[in-house]
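Examining the three-dimensional arrangement
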Amino acid sequence: MLENLAVCSGMHSTSTCSVLFMLSPGSEFYAPQAPRIEYCRVGVLQAREKELKKLKAAQKVEAAKAQAGKGSQPSKKAEQKAAKKAAEDENQEHYQDPPTPLGEKKRLAPEMAKAYNPSAVEAAWYEWWEKSGFFVADANSKKPPFVIVLPPPNVTGALHIGHGLTSSIEDTIIRWRRMSGDNALWVPGMDHAGIATQVVVEKKLMRERGLTRHDLGREQFNAEVWKWKDEYGGKILNQERRLGASLDWSRGCFTMDDKRSKAVTEAFVRLYKEGLIYRDHRLVNWDCILRTAISDIEVDYIDIKGRTLLKVPGYKSPVEFGVLTSFAYPLEENLGEIVVATTRPETMLGDTAIAVHPADQRYMHLHNKFAIHPFNRRKLPIICDAELVDPNFGTGAVKITPAHDPNDFLVGKRHNLEFINIFSDDGIINSNGGKEFEGLKRFDARVTVIEALKSKGLYRGAENNEMRLGTCSRSDDIVEPMVKPQWFVNCSDMGREACEAVEDGRLEIIPKQFEADWFRWMRNIRDWCISRQLWWGHRVPAWYVTLEDDDLKEFGVYVDHWVVGRNEVEALTEAGTKFPGKKYHIEQDQDVLDTWFSSGLFPFSVMCWPENTADMKTFYPTSLLETGHDIIFFWVARMVMLGMKLTGEVPFKQVYLHPMVRDAHGRKMSKSLGNVIDPLEVINGITLEDLHKRLERGNLDRNELDIAKAGQKQDFPNGIAECGTDALRFSLVAYTAQSDKINLDIQRVVGYRHWCNKLWNAIRFAMLNLGTDFLPSENLDVKSLPCGCKWILSVLNKAISKTVTAMEVYDFSSATSAVYSWWQYQLCDVFIEIIKPVMSADDNNSTSASVKRVTRDTLWICLDNGLRLLHPFMPFVTEELWQRLPQRLGDSSRKESIMISDYPTVIKEWIDDEIESQMVLIESSVRSLRSLRMAYLLLPKQRPEAFLLCKTDEVATVVEKGATEICTLASLASLKVLRESDVPPVGCAVNIVNEHLSVYLLLRGIVDAQLELSKLEKKKEELIRQQEAVTKKMNIPGYRDKVPANIQEENLSKLNKLMAELSIVEEANENFEKLLADSS
């Protein structure tokens, strides 16, 4: 019989990366002295303070002794505890980082703090990185360029979780690329945000001075906006620094600065000259509060199920929506009437036709006939339109208002109908609406029109109607479709070319699922309205020419009287060419350009296009555009179209579209729900009370405020714990696997903050065990290493390979999983645990000393590579820990910062598939033994004997080689390897690892099965009693109807928990009964 007995050391495995204190004679604990750090301002005062601390510490020890002596002699343990605490108090300054002057390299405390503190760790590093120029890319570098432009946040913006996700992903990519040897450039910018900024400044003027922009005039108002921008704007870019964003601030820009403004003007002029920009009367989204056209992305939609009252700006009482009103139009020639239905009765004042389906038998006799408008006697033709009318919906007759409805607008174009605008710019019924209604607000007119229809006997009733209601995201006003003269971009050809770029591979969209959306939208793209009736923004570089002999002198009345130029001089030249020999004067258009127009130029305007700068030559086209999938059409598509048209190249090679962030329950974040998450509140932590105060500073009404507070209390009953930047970043990046939505659970962020503490303790363990005199070896002979060292290097190789492969395809979830798994499950849970006996071995033994030396080298290599592997995801904690690692003597290749060090690469010499395979078996054995320990409720201090029954020589060889590792990881007193003919001792619990290996845990003498059965029986009775009580509650008559839903949910959760506990108790009961039977 071949057997092997491994007797384990008295050490026991506690937490995964618990710090090892080594015993030495004459003291309770011994820790190697930390490297000495010179302080720059050590003086007499500090020396006195240190002496005072020593004196206080000594007094505490004496006081503790005196207190203990009152009753009995103090125990040795109590004295040791008091001495230890006194020593800690005395040496507190050794654990606290001294102050670091702004921009200098962080000054670290002589010894590592005992626990990770994110605010302490994240201090000072960013300012040093920035001042050192680590973020700056070199246009003359020979390295391959890798370029990202940060989606420019609004100048009015504050950091929200969407920005947090964007910044986390992009900084992870750019840091990885920088460490991988690329000339990495990440360009920051800020958007002037036309509507949002103008609204903010207008409100400020009214609040502080009681003035409107019209009181000031355009020039003075814009001066006020610039003043506000310089004073308050752009705070969000400073907040980006808190997220560790390694942006090249030297290239920062603003979409209204001189260079970007020059690019906007140049783009407009070129597109106009190519015939792609034109002026026309078209239907636009009109905001009656802001008095401007707005883009599609600035329209939010509310889904209404039926009759609903909503607050509308400018109205004292709520306005009714979700109602379909039917009324009759009288027909000429006494033909009777035709009934139509609408959700907007007020628009009937602008009706110019009634449409029916040409095949609808009910209305065949009315073709080419007329209805009579009841209020103005206008004749409305009955037209046939198969595209618009569904004969099976409603009455099959549709009122047509071409000037105020998108579908009706197209009908009006097809049938050459009259377009009658019944609204002024501020939503008041104008003279076209008739004297009876002129001067009424549009929704007041709705009520008046219905009453007038009733009085004429034409009202036919109302019913609930599902509908989507468009509102302006800036003003909350109900969007009104209106026909206005505007500037448009013809997008047809550019849209087709953008499709071809994806089809032929010049542009890659990631994830690929969004390609279908891209093609669908681009192939059906509509012309883009780019003018806005605002004062803040890029003024349209177009001038209207008024000729002396024009019959009509009104501005803009003649569509063919416009000229475009880069400045007024150029416009005058254009006017002279267009109207030779005529007398005229020119006036610039008052409108400004859509913010998305300047944003669409951003990838090349940041390189100072149209100038052919060094940046333009080196860094354009950019490498990647990373943004949320919600703006693929409003921003990404426009950048691609404008970039290809104006520069001849696709502006970026790849587009990565990240998911949208939702709360833990999958709900869209909303102030009214109280589930909005501010990244800075996660980083710094915040109490529930302060979360409530944030809500109170908003503009929620009392009912909304109560709902929002209740939501906060449910999700964050204890507030949000301080998590730090690194934990938040890692969480957000890891979450990206969740399809097109991220359900963000703050507890997961908290979990990663705890994981940072595990990393911290891993380095503390290393610093304590490497020793102050440790210098990493120049070369490591991998073949001669112990098995555990070979294994950890081999799996480190795998982790590096998986991480790099995942990063190359932007699979961030797999990348974070690979890094996390290696640190957590392989380095901390296994390697650090199995080397603890090695680290505590006697150095006087030459063999032990040799093994310890190569183990230390391996540990150092793991930590150095592991921190560099993790750095792009967690920049702060990795920099701090990496700076504490010992350095090779005279190592000129070591960089000043981890962020400019080389990213780890696979080293072929480390690959050892055989060792990995053997370790899989060893780990499986450990899991089986730990499972038995849990099943029989063993305490950590209980260390039983174990037996491994092997059915093959190969398995026996492996477990014999790994006996010490198994013993350490499974907390065993000893381990004995058995062959198939051997019989395990009586009183063992057994678990099967695989068909070739079983593990036996000797519990006789350790576990009193009879006593445990008695305890379990009592526990079972208590659980059954609680289960019956809950079940009784849930079975009372009317429970489902009368008991609130949240209480029902709590009871169901409680019942499931009790049933799960009962199952565990019953399983444990079976285990102890089996043990009792086997032992008898």
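Now for the overall build of the protein. When helices and strands are tallied, the protein shows 34 helices and 36 strands. For the C-alpha atoms alone, the extent of the protein along its principal axes is close to 115 × 75 × 65 Å. Of all 1080 residues assigned to the protein, the portion counted as buried reaches 51%. Taking the contacts inside the protein whose residues are at least 6 apart along the sequence as the reference set, 76% of them involve residues at least 24 apart. Only carbon and sulfur atoms are counted for the fraction: they give 50% of the accessible area of the protein, which is about 50,900 Å². Of the side-chain charges in the protein, 137 are positive and 151 negative, and the distance between the mean point of each set is 4 Å.

For the rest of this paragraph, the subject is the nonpolar core. Soluble globular proteins tend to pack their nonpolar side chains together in the buried interior. With 168 residues, the main nonpolar core has L744 and W823 as its most contacted residues. Top element by residues in this core is helix α26 (residues 812-839). It accounts for 14 residues. Counting residues in each nonpolar core, the second largest holds 66 residues, with L276, C499, F602 and Y620 among its members.

Moving on, we get to the pairing of strand β8 (residues 277-287). Within β8, eight of the 11 residues are buried, leaving the element largely enclosed by the surrounding structure. Of the pairings in the sheet, the one linking β8 to strand β21 (residues 480-489) comprises 10 bridges and is antiparallel in character. The partner of N285 across the bridge, within β21, is P481. The pairing of β8 with strand β9 (residues 292-294) spans three bridges and is antiparallel. For D287, the partnering residue across the bridge sits in β9 and is T292. Hairpin remark: β8 followed by β9, antiparallel, with four residues in the connecting loop; positive phi at R291, about 60 degrees.

Take the pattern of salt bridges next. Counted according to the given criterion, the structure contains 60 salt bridges. Notably, a salt bridge pairs R414 with D385, separated by 3.0 Å at the nearest N-O pair. Of this pair, R414 sits in helix α11 (residues 406-415) while D385 sits in the loop between β17 (379-384) and β18 (397-400), and the two are 29 residues apart along the sequence. Among the salt bridges present, the one from R532 reaches D594, with a minimum N-O distance of 3.2 Å. With R532 in strand β24 (residues 531-532) and D594 in the loop between β28 (592-593) and α16 (595-600), the pair connects residues that are 62 residues apart, well separated along the chain. The same class applies to R532 as to D594, namely buried.

Below, the discussion takes up the sheet that holds strand β26 (residues 562-564). Strand order in the open sheet made by the three strands is β26-β25-β27, with antiparallel pairing throughout. Looking at the sheet topology across the chains shown, the edges are occupied by β26 and β27 (584-588). Neighbour to neighbour, the strand axes of the sheet diverge by 35 degrees on average, direction disregarded. Strand direction decides the pairing type here: strand β25 (residues 542-547) and β27, joined by five bridges, are antiparallel. Each residue of the ladder has a partner; that of T546, found in β27, is H585.

A separate point is the packing of aromatic side chains. Considering all chains together, one arrives at 36 aromatic pairs under this definition. Arranged with centres 6.0 Å apart and planes meeting at 70 degrees, the rings of F730 and F873 form a pair that is edge-to-face. Placement of the pair is F730 in helix α23 (residues 724-734) and F873 in the loop between α27 (846-870) and α28 (875-884), with a sequence separation of 143 residues. For the ring pair Y820 and Y825, a centre distance of 5.9 Å and an interplane angle of 75 degrees mean the geometry is edge-to-face. The structure contains a cluster of three or more aromatic residues connected by ring pairs, namely F268, Y272, W487, Y544, F555 and W562.

A few words now on the sheet that holds β18. Spatially, four strands are ordered β16-β17-β15-β18 in an open sheet, and the strand pairing comes out mixed. Each having just a single partner strand, β16 (370-372) and β18 make up the two edges of the open sheet. Geometrically, the sheet is characterised by an average inter-axis angle of 30 degrees between neighbouring strands, direction not taken into account. Both strand β15 (residues 353-356) and β18 contribute to a ladder of four bridges, which runs antiparallel. Bridge pairing links A353 to I400 in β18.

This part takes up the environment of Y363. Position of Y363 among the secondary structure elements: in the loop between β15 and β16. The residues contacting Y363, other than those within four sequence positions of it, are I338, V356, T395, G396 and A397.

The peptide bond linking I510 to P511 adopts the cis configuration, its omega dihedral lying at -5 degrees. Along the chain, P511 turns up in the loop between β22 (508-510) and α14 (515-523). Residue P621 follows Y620 across a cis peptide bond; omega there is 0 degrees. If you check the backbone angles, A124 has positive phi at about 80 degrees while not being a glycine. Inspection of the secondary structure assignment puts A124 in the loop between α3 (118-121) and α4 (125-131). The phi dihedral of L937 falls on the positive side, at around 55 degrees, and the residue is not glycine. Within the secondary structure layout, L937 lies in the loop between α29 (913-935) and β33 (945-950).

The subject of this paragraph is the pairing of strand β4 (residues 145-149). Counting buried positions along β4 gives four out of five residues, so the element sits mostly inside the fold. Where β4 and strand β5 (residues 183-187) come together, five bridges link them in parallel fashion. For V149, the partnering residue across the bridge sits in β5 and is V187. Running through helix α5 (residues 161-179), the crossover from β4 to the neighbouring parallel element β5 is right-handed.

This brings us to a negative patch on the surface. Taken together, the side chains of E1017, E1021, E1066, E1067, E1070 and E1073 make up a negatively charged region of the molecular surface. Structurally, E1021 can be placed in helix α32 (residues 1009-1034).

A few words now on helix α9 (residues 235-242). Listed as buried for α9 are I236, L237, Q239 and E240. All buried residues of α9 lie within an arc of 155 degrees about the axis, which places them on one face of the element. Buried residues belonging to α9 abut α5, β6 (189-190) and α20 (679-684). Just past α9, the residue G244 takes up positive phi, approximately 80 degrees.

Here the focus is the packing of helix α25 (residues 787-808) against α26. Packing of α25 against α26 brings their axes to within 8 Å, and their N-to-C directions diverge by 170 degrees. On the basis of the axis angle, α25 is roughly antiparallel to α26. On α26, the residues that touch G788, C789, W791, I792, V795, L796, A799, K802, T803, A806 and M807 of α25 are F812, S814, A815, A818, V819, W822, Q826, L827, V830, F831 and I834. In terms of residue class, the contact of α25 with α26 is built from 17 nonpolar, four polar and one charged.

Let us look at the side chain of E240. Positionally, E240 belongs in helix α9. Buried and unpaired, E240 has no salt bridge, with R729 as the nearest side chain of opposite charge at 8.1 Å. Setting aside anything within four residues of it in sequence, one finds E240 in contact with L150, L159, S167, A245, L247 and W249.

A separate point is the packing of helix α6 (residues 194-209) against helix α8 (residues 218-231). Two elements in contact, α6 and α8, have axes separated by 10 Å at closest approach and are oriented at 100 degrees. As judged from the angle between their axes, α6 and α8 are roughly perpendicular. Along the contact surface, α6 presents T197, Q198, V200, V201, E202, K204, L205 and R209, while α8 presents Q220, F221, E224, V225 and W228.

Relative to the helices and strands, H192 resides in the loop between β6 and α6. Relative accessible area serves as the criterion here: at 0%, H192 is assigned to the buried category. Residues H192 and E208, 16 residues apart in the sequence, show an inter-C-alpha distance of 23 Å. Those residues in contact with H192 that lie beyond four places of it in its chain are V155, T197, F254, T255, M256, W536, G537, H538, T595 and S598.

What the rule picks out here adds up to zero disulfides. Of all cysteine sulfurs in the structure, the one in C756 sits closest to C723, which takes part in no disulfide; the separation is 9.5 Å. The cysteine C862 is free of any disulfide, with C789 supplying the nearest cysteine sulfur at 7.9 Å. Judged by relative accessible area, which is 0%, C862 ranks as buried.

The rules behind each value
- Residues numbered from 1 in each chain as written.
- Predicted model: local features only at pLDDT ≥ 70, side-chain atom pairs only at ≥ 80, totals over all residues.
- Heavy atoms only, no water.
- Helix = DSSP H or I, 4+ residues; strand = E, 2+ residues; numbered from the N terminus.
- Buried < 20%, exposed > 50% of the residue type's maximum accessible area, 1.4 Å probe, protein only.
- Contact = heavy atoms within 4.5 Å.
- Areas by Shrake-Rupley, 256 points an atom, 1.4 Å probe, with all protein chains shown as cover.
- Lys, Arg positive; Asp, Glu negative; His and termini not counted.
- Charge placed at Lys NZ, Arg CZ, Asp CG, Glu CD.
- Core = buried A, V, L, I, M, F, W, Y, C linked by side-chain atoms within 4.5 Å.
- Pairing = 2+ DSSP bridges.
- Salt bridge = Lys/Arg side-chain N within 4 Å of Asp/Glu carboxyl O.
- Axes fitted to C-alpha atoms, helices over the stretch in contact; angles between N-to-C directions.
- Phe/Tyr/Trp six-rings, centres within 6.5 Å; stacked < 30°, edge-to-face > 60°.
- Right-handed = clockwise from strand over helix to strand, strands pointing away.
- Patch = residues over 30% accessible without salt bridge, like charges linked within 9 Å, V, L, I, M, F, W, Y side chains within 5 Å.
- Arc of directions from axis to C-beta.
- Parallel < 35°, antiparallel > 145°, perpendicular 65-115°, else oblique.
- Nonpolar A, V, L, I, M, F, W, Y, C, P; charged D, E, K, R; others polar.
- Disulfide = S-S within 2.5 Å.

Any link to function would need more than the numbers given here.
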